[in-house]
Amino acid sequence: MPEKFDVIVVGAGPAGTSCAYTCAKNGLKVLQIERGEYPGSKNVMGGVLYRKQMEEIIPEFWKEAPLERPVIEQRFWAMDKESTITFGYKGLEWGVEPYNNFTVLRAPFDQWFAKKGVKEGVLLINETVVTECIVENGKVVGVRTDRPDGDVYADVVVLADGVNSLLAKSLGFHKEFRPDEVALTVMEVINLSKDKINDRFNLEDNQGCTIEIFGDSTKGNLGTAFIYTNKESVNIGVGTTLSSMIKAKLKPYDLLDYLKTHPMVKPLLSGGESAEYLAHLIPEGGYRSVPRVAGNGVLVVGDAAQLVNAIHREGSNMAMASGKMAAEAVIRAKEREDYSESCLNHYREALYESFIIKDLEKYKDAAHTFEHYPQYFKDYIPMINKAASKFFTVDGTPKRDKQKQIMRSITGEKGTFKVIQDMYRAWKAVK
Amino acid sequence: MEGYRGVWVFIEQNEGEIEGVSLELLGAGRKLADKLEVPLAGVLLGDGVIPLSSKVISYGADKVYVIDHPVLKHYRTESFMRGVIQLAEKYKPEIFLYGATPNGKDLASAVATDLCTGLTADTTMLDVDVEKRLLEASRPAFGGNIMATILCKKHRPQMATVRPKVMKALEPDDHKQGSIIEETISLKEEDMRTKVINIVKDVTKTASLAEAHVIVCGGKGMGDVQNFQLIHELAETIGASVGGTRDVVEAGWLPHEYQIGQTGETVTPKVYFAIGISGAIQHVVGMKNSELIIAINKDPNAPIFDVATYGIVGDALEIVPKLIKQFKEIRKAEGGEISYA
Amino acid sequence: MHIVVCVKQVPDTKIIKINPKTNTLDRRSAPAILNPYDAHAVQEAVRIKGNLGKGHISVLSMGPPQAVEIIKKSVEIGADEGYLISDRAFAGADTLATSYALSKALDKISENQSIDLIICGKHAIDGDTGQVGPGIARRLDIPPVTNVIEVCEVNEQERTVLIKRKIVNGYELLQVNMPCLLTVEKEINDIEYSPMPNMIKAARYKPIIWSVNDLNDVDKTQLGLKGSPTIVGKMFSPPKAEGGKRIEGTTDEQISRLMEVLMEQKELFNVK
Ligand SMILES: Cc1cc2nc3c(=O)[nH]c(=O)nc-3n(C[C@H](O)[C@H](O)[C@H](O)COP(=O)(O)OP(=O)(O)OC[C@H]3O[C@@H](n4cnc5c(N)ncnc54)[C@H](O)[C@@H]3O)c2cc1C
Ligand SMILES: Cc1cc2nc3c(=O)[nH]c(=O)nc-3n(C[C@H](O)[C@H](O)[C@H](O)COP(=O)(O)OP(=O)(O)OC[C@H]3O[C@@H](n4cnc5c(N)ncnc54)[C@H](O)[C@@H]3O)c2cc1C
Ligand SMILES: Nc1ncnc2c1ncn2[C@@H]1O[C@H](COP(=O)(O)O)[C@@H](O)[C@H]1O
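Since we're looking at a predicted model, the values are computed, not measured. (Residues numbered from 1 in each chain as written. Chains lettered and ligands numbered in written order. Predicted model: local features only at pLDDT ≥ 70, side-chain atom pairs only at ≥ 80, totals over all residues. Heavy atoms only, no water.)

A.B. asks: An account of the sheet that holds strand 10 (residues 160–167) of chain C is requested, with residue identities and associated values reported.
C.D. replies: Strands sit in the order 13(B)-11(C)-10(C)-9(C)-12(C)-8(C)-1(C)-6(C)-7(C)-13(C) across an open sheet of 10 strands; the sheet is mixed. What marks the edges here is a single partner per strand, and that holds for strand 13 (194–201) of chain B together with strand 13 (208–210) of chain C. This sheet shows a mean twist of 30° between the axes of neighbouring strands, independent of strand direction. Summarising the sheet, strand 13 of chain B and strand 11 (residues 170–177) of chain C pair through 7 bridges and their orientation is antiparallel. Looking at strand 11 of chain C, one finds that Lys 201 of chain B is bridged to Gly 170 of chain C. Packed onto the sheet, helix 4 (residues 102–115) of chain B meets strand 9 (144–155) and strand 10 of chain C and runs at close to 125° relative to strand 10 of chain C. Contacts from helix 3 (residues 95–112) of chain C reach strand 1 (2–6), strand 6 (56–62), strand 7 (81–85), strand 8 (117–121) and strand 13 of chain C, with the element oriented near 150° to strand 6 of chain C. (Pairing = 2+ DSSP bridges. Helix = DSSP H or I, 4+ residues; strand = E, 2+ residues; numbered from the N terminus. Axes fitted to C-alpha atoms, helices over the stretch in contact; angles between N-to-C directions. Contact = heavy atoms within 4.5 Å.)

A.B. asks: Kindly report on the interface of chain B and chain C, identifying the contributing residues and their values.
C.D. replies: Counting from both sides, the interface comprises 92 residues of chain B and, opposite them, 80 residues of chain C. With both sides pooled, the region where chain B packs onto chain C buries about 7,600 Å², and carbon together with sulfur makes up 59% of that total. Here Arg 193 of chain B ties to Asp 141 of chain C by a salt bridge, and the two come within 3.2 Å at their closest N and O atoms. The interface formed by chain B and chain C includes 22 residue pairs in polar contact (both at pLDDT 80 or more). For the side of chain B that touches chain C, the class distribution of residues is 42 nonpolar, 28 polar and 22 charged. Examined bridge by bridge, strand 18 (residues 310–313) of chain B and strand 15 (residues 245–246) of chain C share 2 bridges and lie parallel to one another. In the strand pairing of strand 15 of chain C, Tyr 310 of chain B is matched with Lys 245 of chain C. (Buried area = accessible area lost by both parts, 1.4 Å probe. Salt bridge = Lys/Arg side-chain N within 4 Å of Asp/Glu carboxyl O. Polar contact = N/O pair within 3.5 Å; in protein donor to acceptor, adjacent residues only side chain to side chain. Nonpolar A, V, L, I, M, F, W, Y, C, P; charged D, E, K, R; others polar.)

A.B. asks: Which residues make up the site of ligand 3, and what are the values?
C.D. replies: All names here are of chain C. Of all residues adjacent to ligand 3, which total 19 residues, the nearest are Cys 6, Asp 38, Ala 124, Thr 129 and Gly 130. A distance of 2.8 Å is found between an oxygen atom of ligand 3 and a side-chain nitrogen or oxygen belonging to Thr 129. Contact between ligand 3 and Gly 130: an oxygen atom at 2.8 Å from a main-chain N or O atom of the residue. Listing elements by their share of the shell around ligand 3, those giving two or more residues are strand 6, helix 3 and strand 8. With 3 residues, strand 6 is the single largest residue contributor to the shell around ligand 3. When its residues are assigned to classes, the shell around ligand 3 shows 8 nonpolar, 8 polar and 3 charged. (Near = heavy atom within 4 Å.)

A.B. asks: Summarise the site of ligand 2; cite the residues concerned and give the values.
C.D. replies: Around ligand 2, a shell composed of 30 residues is seen, among which Lys 220, Thr 245, Thr 263, Ser 278 and Ala 316 of chain B lie nearest. Asp 247 of chain B has a polar side-chain atom sitting 3.3 Å from an oxygen atom of ligand 2. Burial of ligand 2 by the protein amounts to 89% of the accessible area it has alone, namely 990 Å². Of all the secondary-structure elements, those providing two or more residues to the shell around ligand 2 are helix 7 (246–250) and helix 8 (281–284) of chain B together with strand 3 (17–19) of chain C. Considering only residue class, the shell around ligand 2 consists of 7 nonpolar, 15 polar and 8 charged. (Areas by Shrake-Rupley, 256 points an atom, 1.4 Å probe, with all protein chains shown as cover.)

A.B. asks: Any chance you could break down the arrangement of the chains for me, citing the residues and the numbers?
C.D. replies: Most contacts, among the 2 pairs of chains that meet, fall between chains B and C. These two, chain A and chain B, are apart from each other, with no contact and a minimum C-alpha gap of 14 Å.

A.B. asks: Before we move on, can you summarise the domain arrangement of chain B with the specific residues and values?
C.D. replies: Residue and element names in this part refer to chain B. When its domains are assigned, chain B resolves into domain 1 (7–191) and domain 2 (209–333). Domain 1 and domain 2 are separated by 33 Å when their C-alpha centres are compared. Residue-level contacts link 13 residues of domain 1 with 14 residues of domain 2. Connecting domain 1 to domain 2 are 0 salt bridges. Class assignment of the residues belonging to the side of domain 1 that touches domain 2 gives a composition of 6 nonpolar, 4 polar and 3 charged. (Domains from an automatic or database assignment.)

A.B. asks: Describe the confidence of the model for chain B, listing the residues and the values that go with them.
C.D. replies: The share of residues in chain B with pLDDT of 70 or more is 95%, and the mean pLDDT across the chain is 91. Confidence metrics for the complex model read pTM 0.83 and ipTM 0.80. (pLDDT = per-residue confidence, 0-100.)

A.B. asks: Which residues make up the pattern of salt bridges, and what values do they have?
C.D. replies: Taken as a whole and assessed by the stated rule, the structure comprises 56 salt bridges over all chains. The salt bridge involving Asp 257 of chain A is made with Lys 260 of chain A; its shortest N-O contact spans 3.9 Å. Here the residue Asp 257 of chain A and the residue Lys 260 of chain A both occupy positions in helix 7 (residues 252–260), the gap between them amounting to 3 residues, near one helical turn. Shared partners join several salt bridges into a network, and the residues in it are Glu 78, Asp 114 and Arg 193 of chain B together with Arg 138 and Asp 141 of chain C.

A.B. asks: Hey, could you go over the pairing of strand 7 of chain C for me, with residue numbers and the actual values?
C.D. replies: Regular strands have side chains that alternate between both faces of the sheet. Residues and elements named next belong to chain C. In terms of burial, strand 7 is a largely internal element, 4 of the 5 residues being buried. Bridge count between strand 6 and strand 7: 5 bridges; the pairing is parallel. Paired with Leu 60 across the two strands is Tyr 83, which belongs to strand 7. Read as a crossover between parallel neighbours, the route from strand 6 over helix 2 (residues 68–77) to strand 7 is right-handed. (Buried < 20%, exposed > 50% of the residue type's maximum accessible area, 1.4 Å probe, protein only. Right-handed = clockwise from strand over helix to strand, strands pointing away.)

A.B. asks: Tell me about the interface of chain A and chain C, and name the residues and values.
C.D. replies: For interface size, the figure often reported is the accessible area lost on association. Each side of the interface is counted separately: chain A has 20 residues, and chain C has 11 residues. For the pair chain A and chain C, the summed buried area comes to about 1,300 Å², and 61% of that belongs to carbon and sulfur atoms. Sorting the residues of chain A by area buried against chain C places Leu 123, Ile 125 and Arg 147 of chain A first, and these three jointly supply 40% of that buried surface. It is strand 7 (residues 123–125) of chain A that provides the largest number of residues to the side of chain A that touches chain C, a total of 3 residues. Its residues assigned to classes, the side of chain A that touches chain C comprises 9 nonpolar, 5 polar and 6 charged.

See the structure below:
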């Protein structure tokens, strides 16, 4: 009889490791199984790590974790073909402890985080794929791996296997995604010297900046692009929902090349050389597509549970928080020696009381709104760019008349009522 | 340290055939010996090998130390080691060179341990500091396109194994005079802990690579294993052998025995195509003595162009297919047939 | 049957790229790995143990504390036990000093259980000297067999091993008395996909770590830098060959020019 663990965690991303770490720290016997050569080896992320949730797991992690730069400036671009409207916030208070958030590279970060778990007693096993959950009379009792003698058993199995969670699907927790529930994102890490980065983004050595780009970055399709500054590289990525990609017959890589050569972007990257190229899904279904997250002897956390805030591109933080909550539920179940769904549902409740579900609910209509009313990306962004251009061009026309012209040209194109209707809908979606 | 004089070369022979590298080392050893103004000696062990002494002398040796004994019929570390150590302890050479062949490395490693002296592996350049009487054995250093000179200041003999085909043998001079010193040794077969059951010859691919007149060597620059087929196709078209860099071998595009360079084969064909190869020193030491080197690389600064006779800056994926086409046309035109030389 | 495999931690040269322009290492993410040849050495020990149906496999490494990782890796492959000798005194050792330190550790290991077979890799990919294996054999006065491509038979009664050893143009079949030392080529076996129990064992495993003082009657002057007769004199860029002519022009011009050059040696290309 192969040995039995208190809990088996599948996956060593932020969600899995938070869960494994928390369980081990509380004295549970934890086995963590990761498919990649090492944690982070396969993982893709634009790379903003939010302080709050990480800190709740490892206080003052920034003193030791391999982070790139603390983010002191967040910019948002509403970009058209040859112009962009920029707004954002830069605050030095974000550049000192306790910071707000950081840019990270997943490979070193995930490795470091997993090592912390190992120090707490997690048994981490890499290069091993979990092929299925072992189910005995309605209860998950362990996992089957692709290795010889590959079965291992545990009271609880936590699925932290990422967005495409085949395991959650095989348990019937997920159905296949609808194309509008996931975004396909491609990103590239581009090596650039410290000095170039500091000059081009107007930063000091340990200051970082993020740029979120809407509009022409996705050729006007629903989706966003981003540029994040690391120490000596930048991450650039772009993603749209599968559905709009299919509709517009876009190839993700073409989209990224289009972005990299966009006149607003090119100068930021010139002279850099590509280090890695990655493609990955992000669940964007939000509130509506959060699946069942607890069953007899099993919990689902992080992306596997579709916990991503598409609008704010938050995921790793939700992954960590959910991983920690799952751990707490497991610890509680262990105390009660009860691993049934009803007991483990404690996790579900915690999740629904937390910021995670609240946020997802708040934005539940956003994706759909923007998906179903493409004019936001297709029309309004170019429109406001034209408007801004008109407004700021000094040509002797009095500003008041300019405003009139602008309003006329906008409502002229769309019709006043439609514009107001759209604005209201958009506001409702993100309010 | 005192009383160590002379330059020695271990003469590796298989069934009466002296290995090429041993003759090359006589050439290199000659230069060192002349600089140091000491005699050059060959060290010859085997069964019935005395007749080979004259050849050793004609290739530059002043002396040949011979141990002729039935137990030495086949190479074995334990028997050969004992003979060589006995000689070295008795006649005290200051420099002792071996070919970096399986047997040469094996023997040198064992001997160095017993003589408690330094041994430099896979040397590709040799020189001496005359007044310090120091052997300067240079080899590619790990972790860089850079050479390191290894010295052995406080121990004698100074020993090195030397890559085949990097040194030049002298023209044999049959009139050259030299002395043959026969040494006796007490070896009993029953004392041997290693027995040679039999020896199986099979001409492995590496052998053919070593003898090939034309080699088409492809690098990581081919992009992937599919594109690498172009290398095979070109080689086939012109009747050449295929080689690869270590990165190509590690990527699994070619088996290990096709690797050319410091840890692979050293080759000296008449024509060497280096396609999509950056020209790292570890590769270059394995091919730079080829007669005609054609390099194709899209990076104008690739170091391979420094060793190339002709360099083409361009995309191999575009050039190679055209090259293949050219050859095929010529062949059609001239009705020539492919036969593997 | 007690088999000891010597394993070395090396930088992954697949990942460390040499930047041809600057001549320096591109150190971005350069993990240390188990020397590939040594992985095959461990695998071979596992295979032998499997065939005999019994036996004990120890691995031994000299290196920095992080080298425990490659010992764990060896346990994944199937080693039963692992020893790491780690001490400043060992630092800067060349092959002579390395084989000395390792032989002292082997003496110590054999105190608990005498050693029948020692297996090393053909060479370590960071320096590829291939000298340490035979060196160890000499110090323990056991026969070495290098470049082993097959272990055909291990006869415990006769205490002999039947071995294929690669030679320049083929192989030789050797019978060697145990104890002996083998250094193995990659083609000797394929690394198997380790079973789950090994993975779990390895994840838990804590190697035995020794410092100089844990070893018996060590002559410290033979260790590390002090004990290394060879030193690096100078480092220099490879002598630049005069550098060849460039063939300029469009691809087609380049090719026709190249063909002219090659056709000067027609006979080589079988196009007569
Ligand atoms: C391009 C992009 C940019 C992003 N940017 C941000 C950002 O800036 N900030 C942010 O907070 N979030 C961002 N996200 C979201 C964030 O990356 C994810 O929400 C987060 O990684 C989720 O963590 P996780 O542990 O749930 O899943 P993952 O990080 O995907 O980890 C899953 C792990 O499980 C392993 N695994 C999968 N299947 C198996 C199996 N069968 N057996 C064994 N192991 C398995 C995988 O190898 C992987 O290591 C971004 C995502 C993408 C794609
Ligand atoms: C201890 C040690 C021993 C080693 N031993 C050996 C050895 O025996 N043999 C060996 O070869 N290496 C050896 N190496 C590795 C060596 O250092 C280099 O890493 C290796 O030779 C590089 O192989 P490469 O040129 O194929 O790949 P790269 O260095 O990646 O070069 C690829 C080249 O292809 C060019 N290129 C890319 N695309 C194209 C295109 N479409 N058309 C034309 N050109 C293109 C690029 O400009 C680049 O110059 C050793 C290394 C170490 C540390
Ligand atoms: N530091 C070390 N620790 C353990 N084994 C080693 C060490 N160095 C070399 N070896 C062994 O000796 C073999 C040849 O190494 P080298 O002589 O350095 O090429 C390796 O494959 C290992 O089996």
